[in-house]
Every structure is written in structure tokens, then in C-alpha cells.
Amino acid sequence: MPKPKPTAPTTQSTGLRIGYARKSKEDQDLSLQRDALQRAGCAQIYEEQVSRAGPRRAKKGATELANALRALRPGDTLVVWRLDRLGGSVSELIRVVTHELADRGIGFESLTEKIDTSTAAGNMFFQIAAVFAEYERRQLIERTHAGLEAARARGRKGGRKPAMTDKQIQLARAMLSDPATTVADVCAHFGISRTTLHKHVGSVTPLRGLADGSSPA
């Protein structure tokens with residue numbers, strides 16, 4: 001009889017169950033998440049008091065998530081009420097579950113979606129999700145490249161809009177050729193810095209003969 005094919009290893013949940021709750025703009029009360037995590041047998045719950053998109057989160061980061069990840073040991077399980085409490089995107093979720101947890105021998109469970117990486121089905125879910133996340137990333141790259149190629153075909157270059165147009169560069173050179181006009185005057189006229197002016201115009205020698213009314217050589 002042929003030997004059965006080996007299945008992907010799963011993380012066995014044998015240690016502590018640690019919960020992680022996070023506020024959102026729509027839900028500022030953590031009671032629902034806290035109660036669900038306690039019923040799920042979490043010995044400790046880390047509560048993020050700022051939403052993912054809030055200014056405090058942007059400044060401080062997910063400090064309680066970092067604390068929870070530091071507290072977890074091999075064999076433990078991180079439990080959340082819902083998947084979006086842990087990650088704001090598929091790629092972020094996959095990164096945390098695979099690199100921060102699975103690579104360290106730590107399990108993951110989401111109560112609402114009934115996903116548990118200690119089971120074969122839960123482990124397979126994240127393997128499939130990782131494939132779709134990579135597919136989405138590649139599609140985004142391909143669309144970006146296609147857009148740049150189309151723009152180049154229409155005579156446009158990708159990236160930031162130039163600080164000075166061709167007409168402005170010509171005008172700046174004409175202004176700088178007048179000995180009565182200073183570099184500061186030109187920069188103020190176009191609202192640019194000296195570095196930007198030098199980058200686009202270079203150095204221009206004033207037509208000195210014009211200052212005394214004679215013709216340039």
C-alpha cells in the first residue's frame with residue numbers, strides 16, 4: 001500500500017490563551033470583545049485603546065499588540081474576537097499570523113470566523129489567504145507598470161510633476177540674464193528654492209553690456 005502523503009504541520013495549542021482587543025472608529029467600547037475573549041478562556045487580555053486609523057495610533061503604533069506578542073511563548077495561542085481586530089489588510093494579517101506567530105510556534109484563533117491555526121482547516125485557510133495576498137500584490141504591480149507604460153506612450157512621465165515647465169525655465173533664464181535681477185528675485189517669482197532653480201536652469205551669465213546701454217558682444 002502506498003504511504004499517505006504528509007500534511008502541513010499545525011501549531012498545537014498547549015499553553016496559555018492570550019487575548020487581544022482593539023477599538024475602532026465605529027466601536028469604541030471593548031466590552032463585547034472583552035466578554036467574548038474571557039468566555040474563550042483567555043488568561044490575559046491586551047486592550048488597544050486607539051483605533052487603527054486614528055492620529056494617536058499613527059504616532060504611537062500598536063503598543064498593546066507589541067506587548068501581547070512579547071508575552072506569547074511557544075505553545076500559546078493569540079485569540080481575537082474578529083480578524084480585522086488584528087490586521088487592517090490581508091497582507092498585514094498574514095504577516096502577523098505567519099511571521100510573528102506561526103514561525104515562533106504560537107497558535108492563532110479568531111472567534112467570529114471560527115478560525116484556529118491549531119487545526120488543519122485553520123492552517124490551510126491562512127495558506128490560501130497568503131496565496132491570494134501575493135496574487136493581489138502582483139496584480140497591483142502589473143497595473144502600476146501598465147499605467148506607467150500607457151502614460152509614457154502619451155508622452156507623459158511617471159512620478160512627481162516637474163517643479164518648472166519648459167516655458168518657466170526659458171523665462172527664468174531670460175530674467176537671470178538681466179544684471180538687475182537677482183537669483184532671489186527669480187526664486188520668489190516662481191515660488192521655488194535656489195536648489196530647484198539651479199537644477200532646472202543651471203548658471204546664467206548676465207548680459208553686462210545692457211547695464212550701460214551698449215549692445216552685448
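Every value quoted in this text rests on a predicted model; they were computed, and no experiment measured them. (Residues numbered from 1 in each chain as written. Predicted model: local features only at pLDDT ≥ 70, side-chain atom pairs only at ≥ 80, totals over all residues. Heavy atoms only, no water.)

Draft legend 1. Inspection of the sheet that holds strand β4 (residues 107–110) at higher detail. Sheet architecture is open: five strands sit in the order β2-β1-β3-β4-β5, paired in mixed fashion. Either end of the sheet is taken by a strand with one partner, and the two such strands are β2 (44–48) and β5 (115–116). The pairing of strand β1 (residues 17–22) with strand β3 (residues 77–80) spans four bridges and is parallel. Across the sheet, Arg17 pairs through a bridge with Thr77, a residue of β3. Strand contacts of helix α1 (residues 31–39): β1, β2 and β3, with the helix running at about 170 degrees to β1, the strand carrying the most contacts. (Pairing = 2+ DSSP bridges. Helix = DSSP H or I, 4+ residues; strand = E, 2+ residues; numbered from the N terminus. Contact = heavy atoms within 4.5 Å. Axes fitted to C-alpha atoms, helices over the stretch in contact; angles between N-to-C directions.)

Draft legend 2. Quick peek at helix α5 (residues 120–153). Across its 34 residues, α5 extends 50 Å between first and last C-alpha, which sits within 8% of the 50 Å expected from 1.5 Å per residue. Looking at α5, one finds that the buried residues are Gly122, Asn123, Phe126, Ala129, Ala133 and Ala151. Considering only its buried residues, α5 is in contact with α4 (90–101), β4 and β5. (Expected span 1.5 Å × (residues − 1). Buried < 20%, exposed > 50% of the residue type's maximum accessible area, 1.4 Å probe, protein only.)

Draft legend 3. Examining the pattern of salt bridges more closely. Scanning the entire structure with this criterion turns up five salt bridges. Between Glu109 and Arg17 there is a salt bridge; the shortest N-O distance is 2.9 Å. With Glu109 in strand β4 and Arg17 in strand β1, this pair connects stretches of sequence that are 92 residues apart. The exposure class assigned to Glu109 is buried, which follows from its relative accessible area of 15%. Arg17 gets classed as buried once you look at its relative accessible area, which sits at 19%. Across the salt bridge formed by Glu47 and Arg34, the nearest N and O atoms sit 2.6 Å from each other. One end of the pair, Glu47, is in strand β2; the other, Arg34, is in helix α1, with 13 residues separating them in the sequence. (Salt bridge = Lys/Arg side-chain N within 4 Å of Asp/Glu carboxyl O.)

Draft legend 4. Representation of a nonpolar patch on the surface. On the surface, Met124, Ile128, Phe132 and Tyr135 cluster together to form a nonpolar patch covering roughly 460 Å² of accessible area. Turning to its location among the elements, Ile128 is positioned in helix α5. (Patch = residues over 30% accessible without salt bridge, like charges linked within 9 Å, V, L, I, M, F, W, Y side chains within 5 Å. Areas by Shrake-Rupley, 256 points an atom, 1.4 Å probe, with all protein chains shown as cover.)

Draft legend 5. Local environment of the nonpolar core. In this structure, Tyr20, Leu72, Leu86, Leu101, Phe108 and Phe126 are the most contacted members of the largest nonpolar core, which totals 21 residues. When residues of this core are traced back to their parent elements, those giving at least two are β1, α3 (63–71), β3, α4 and α5. By size, the runner-up hydrophobic cluster in this structure holds 11 residues, among which are Val186, Cys187, Ile192 and Val201. (Core = buried A, V, L, I, M, F, W, Y, C linked by side-chain atoms within 4.5 Å.)

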